[in-house]
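Here's the letter readout for the chains.
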Amino acid sequence: MILVSACLLGINCKYNGGNNRVPVLAELCRQGKVIPVCPEMLGGLPIPRPPAEIRGGSGSDVLAGKAKVVNREGDDVTAAFLRGAEETLTLARLFGAKKALLKESSPSCGSSTIYDGTFTGTKKAGEGVTTALLRSHGIEVFSEKELKKLLPEETQ
Ligand code: SF4
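I will try to describe carefully the structure that is included in this document. Since the model is a prediction, treat every value here as computed from it, not as a measurement.

A separate point is unusual backbone geometry. With an omega dihedral of -10°, the bond running from Ile47 to Pro48 counts as a cis peptide bond. Assignment of secondary structure puts Pro48 in the loop between α2 (39-42) and β3 (52-55). Phi angles above zero are rare outside glycine, and Ser105 is one such case at about 75°. For Ser105, the position within the fold is in the loop between β5 (99-102) and β6 (113-115). Non-glycine residue Phe119 carries a positive phi angle of around 55°. Counting through the fold element by element, Phe119 comes out in the loop between β6 and β7 (123-125).

Taken together, four strands build an open sheet; the order of strands is β2-β1-β5-β8 and the sheet is parallel. Across the chains shown, the open sheet's two edge strands, defined by having one partner strand only, are β2 (34-37) and β8 (140-143). Neighbour-to-neighbour, the strand axes of the sheet open up by a mean angle of 25°, direction not taken into account. Relative to β5, strand β1 (residues 2-5) runs parallel, the two being bridged by three bridges. Bridge pairing in β5 links Ile2 to Lys99. Against the sheet, helix α1 (residues 23-30) touches β1, β2 and β5, its axis set at about 110° to β2. Here helix α5 (residues 129-136) sits on the sheet and contacts β1, β5 and β8; the angle it forms with β5, its principal contact strand, is near 165°.

Criteria and thresholds
- Residues numbered from 1 in each chain as written.
- Predicted model: local features only at pLDDT ≥ 70, side-chain atom pairs only at ≥ 80, totals over all residues.
- Heavy atoms only, no water.
- Helix = DSSP H or I, 4+ residues; strand = E, 2+ residues; numbered from the N terminus.
- Pairing = 2+ DSSP bridges.
- Axes fitted to C-alpha atoms, helices over the stretch in contact; angles between N-to-C directions.
- Contact = heavy atoms within 4.5 Å.

All we've got here are geometric facts, nothing functional implied.
Given below as structure tokens:
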């Protein structure tokens, strides 16, 4: 079983109430091969919600208490992001998932890039809070841009 960002399956859980549906992933979900997760919803955040970015580091820095997650209104939402990451890890353990395919650049789900905390649309190298927690527990995390690498048969 593979954890997949719920927004990639067409669930309208993005901060703005939209989604990032990838048809092949939605089909795999219909076949019962993937588990939808939205760390920000699991952390108790509403839809819609102000966009958030990691300020002062990457996801692993947030886990270590060295950086925080703030939203565009200036609120510190770190606690909700940490809670969502923990709940996602719990789901991974419940389903025995060793891999995850999560939405790139999200402050929760990003796996190689994140926004830089300035709310100017600028990206930098880094990973989201949930990605960092999953990786620290041995779960491989890919982005939707690596679909062919993770699921070569389904994407031929
Ligand atoms: Fe999608 Fe992850 Fe953001 Fe939820 S937290 S909307 S699954 S990118």
